[in-house]
Amino acid sequence: MKDIINKFKEKLNGDGVVGVFSKTCDPGLIEVIGYAGADYVIIDLEHGPNSVESVQNLIRAAQIVGIMPIVRVKESCASVMGEVLDIGAGGIQVPQITSRAEAEAVMKRTKFAPMGERGVCRFVRAAKYSSKDRFEYFKDENEKVTILQIEGQEGINNIDDILTVEGIDVLFIGPYDLSQSLGIPGEIDNPIVEEKMLEIIEMCREKNITVGTFVDTQENAIKWKRLGVKYISYSVDMGIFYEAMTDIVKKVINTK
């Protein structure tokens, strides 16, 4: 995992990375995402059907194909975040961050001392079930990636304070929740939403913090990448499969 994390960080700080949200329970689909050339996969516990138990095998699949396994948790609960890190997630993505206090709490709960106060157990998968040197384990775990999502108006109002928290690897803008907070749900291409996103990107640039966002069209992926977004999360595996299958069916039906 250490090599995967280092490779991911190098690309993240360079030209950027491209990945996909995943709502599958099948490790085979995670492998396909890796073979297709993605840099990472976000295994979704917030809006997906998985449990911590099933996520273990999805993380294993990501490691087999050499892509970064990031887990989006449901909430910033210490036990939930600790569980996914213990089973080997290379990074953690936390939704609905609204304040500096919440951001600080995430850092404390996901890092070992002296950076934080994460619960310690060296008999977990991330520590190779105690076969890994304990001190190397603690050090490597503190190198894992932390991604904070800013989605609602409260988080936007407090973004200056949030960006002062040390250790944020990526600030992720959720465009759909952002559009809802601005009173125009689903209108992610509305100039009002885009203007707010550009403001956040500029604020992060000033603080030297990497920005991420969700896109569901290739045009938007290219647009936001050119505007400085380096963590591009392209759509959802189920949606991508649906679009591909729909296109195939239409072409076959329309062929005389």
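This report concerns the structure included in the present document. Predicted model, so just to flag it, every value in this text is computed and none were measured.

Conventions adopted
Residues numbered from 1 in each chain as written. Predicted model: local features only at pLDDT ≥ 70, side-chain atom pairs only at ≥ 80, totals over all residues. Heavy atoms only, no water. Phe/Tyr/Trp six-rings, centres within 6.5 Å; stacked < 30°, edge-to-face > 60°. Helix = DSSP H or I, 4+ residues; strand = E, 2+ residues; numbered from the N terminus. Buried < 20%, exposed > 50% of the residue type's maximum accessible area, 1.4 Å probe, protein only. Axes fitted to C-alpha atoms, helices over the stretch in contact; angles between N-to-C directions. Parallel < 35°, antiparallel > 145°, perpendicular 65-115°, else oblique. Left-handed = near helix turned anticlockwise from the far one by under 90°. Contact = heavy atoms within 4.5 Å. Nonpolar A, V, L, I, M, F, W, Y, C, P; charged D, E, K, R; others polar. Polar contact = N/O pair within 3.5 Å; in protein donor to acceptor, adjacent residues only side chain to side chain. Pairing = 2+ DSSP bridges. Salt bridge = Lys/Arg side-chain N within 4 Å of Asp/Glu carboxyl O. Expected span 1.5 Å × (residues − 1). Arc of directions from axis to C-beta. Right-handed = clockwise from strand over helix to strand, strands pointing away.

### Remarks on the packing of aromatic side chains
Next up, step 1: Tallied over the full model, the rule gives ten aromatic pairs.
Next up, step 2: Relative to Tyr 231, the ring of Phe 172 lies with its centre 5.9 Å away and its plane at 85 degrees, an arrangement referred to as edge-to-face. Note that Phe 172 is positioned in strand E6 (residues 170-173) and Tyr 231 in strand E8 (residues 231-236), a separation of 59 residues in sequence. In terms of burial, Phe 172 and Tyr 231 fall into one category: buried.

### So, the packing of helix H4 (residues 78-86) against helix H5 (residues 100-110)
Next up, step 1: Two elements in contact, H4 and H5, have axes separated by 9 Å at closest approach and are oriented at 45 degrees. Taken together, H4 and H5 sit at an angle that is classed as oblique. In this structure, H4 crosses over H5, and the sense of that crossing is right-handed. Where H4 approaches H5, its residues Ala 78, Met 81 and Leu 85 are matched on the opposing element by Val 106, Arg 109 and Thr 110.
Next up, step 2: By residue class, the composition of the contact of H4 with H5 is four nonpolar, one polar and one charged.

### Quick notes on the side chain of Arg 72
Next up, step 1: Structurally, Arg 72 can be placed in strand E3 (residues 68-72).
Next up, step 2: You can call Arg 72 buried: its relative accessible area is 7%.
Next up, step 3: Within the local environment of Arg 72, its side chain forms a polar contact with the side chain of Asp 44, the two groups lying 2.8 Å apart.
Next up, step 4: Leave out the neighbours within four places in its chain, and Arg 72 touches Phe 21, Lys 23, Ile 42, Ile 43, Asp 44, Leu 45, Glu 46, His 47, Gln 93, Pro 95 and Gln 149.

### Points about the sheet that holds E3
Next up, step 1: Read around the barrel, eight strands follow the order E1-E2-E3-E4-E5-E6-E7-E8 and close on themselves; strand pairing throughout is parallel. Strand-to-strand twist across the sheet, computed as the mean angle between neighbouring axes with direction ignored, equals 25 degrees.
Next up, step 2: Across the face of the sheet, H5 comes into contact with strand E4 (91-94) and strand E5 (145-150) while running at roughly 155 degrees to E5.

### Describing the pattern of salt bridges
Next up, step 1: The full count for this structure, using the stated rule, is 15 salt bridges.
Next up, step 2: The salt bridge partner of Lys 23 is Asp 44, with a shortest N-O separation of 2.6 Å. Of this pair, Lys 23 sits in the loop between strand E1 (17-22) and helix H2 (27-35) while Asp 44 sits in strand E2 (residues 40-44), and the two are 21 residues apart along the sequence.
Next up, step 3: On the basis of relative accessible area, Asp 44 is assigned to the buried category, the value being 0%.
Next up, step 4: Of the charged contacts in the structure, one is a salt bridge between Glu 141 and Arg 118, with a shortest N-O distance of 2.9 Å. Of the two residues, Glu 141 is situated in helix H6 (residues 134-141) and Arg 118 in the loop between H5 and H6; the sequence distance between them amounts to 23 residues.

### Focus: helix H10 (residues 191-207)
Next up, step 1: With 17 residues, H10 extends 24 Å from end C-alpha to end C-alpha; this agrees with the ideal 24 Å at 1.5 Å per step.
Next up, step 2: Here H10 has its buried residues at Val 193, Lys 196, Met 197, Ile 200, Ile 201 and Cys 204. In an axial view of H10, the angular spread of the buried residues amounts to 140 degrees, which keeps them on one side of the axis. Seen from the buried face of H10, the exposed residues on the opposite side, beyond 90 degrees, are Pro 191 and Glu 206.
Next up, step 3: A side-chain oxygen of the first residue of H10 lies 2.8 Å from the backbone nitrogen of Ile 192; this N-cap is Asn 190.
Next up, step 4: Positive phi shows up at Asn 208, right after H10, with a value of about 60 degrees.

### Digging into the pairing of strand E7 (residues 210-215)
Next up, step 1: Within E7, six of the six residues are buried, leaving the element largely enclosed by the surrounding structure.
Next up, step 2: Side chains Thr 210, Gly 212 and Phe 214 project from E7 onto one buried face, and the interleaved Val 211, Thr 213 and Val 215 project onto a second face that is buried too.
Next up, step 3: With four bridges joining them, E6 and E7 adopt parallel strand pairing. Looking at the pairing, Ile 173 lines up with Thr 213 of E7.
Next up, step 4: As judged from the four bridges shared by E7 and E8, these two strands associate in the parallel manner.

### A look at the environment of Glu 151
Next up, step 1: For Glu 151, the location among the structural elements is in the loop between E5 and helix H7 (153-157).
Next up, step 2: Separated by 122 residues in sequence, Glu 151 and Leu 29 have C-alpha atoms that sit 28 Å apart.
Next up, step 3: Beyond its immediate sequence surroundings of up to four residues, Glu 151 is in contact with Pro 95, Gln 96, Gly 174, Asp 177, Leu 178 and Ser 181.
Next up, step 4: Within polar-contact distance, the side chain of Glu 151 engages the backbone nitrogen of Gln 96 at 2.7 Å.

### A few points about the pairing of E1
The two faces of the sheet receive side chains in turn, since in a regular strand these alternate between them.
Next up, step 1: Across the six residues of E1, five count as buried, placing the element largely inside the fold.
Next up, step 2: Pairing between E1 and E8: four bridges, direction parallel. Bridging across to E8, Phe 21 finds its partner in Val 236.
Next up, step 3: In this structure, E1 lies alongside E2, joined through four bridges in parallel fashion. For Phe 21, the partnering residue across the bridge sits in E2 and is Ile 42.
Next up, step 4: Chirality of the crossover, the property in question, places the unit of E1, H2 and E2 among those that are right-handed.

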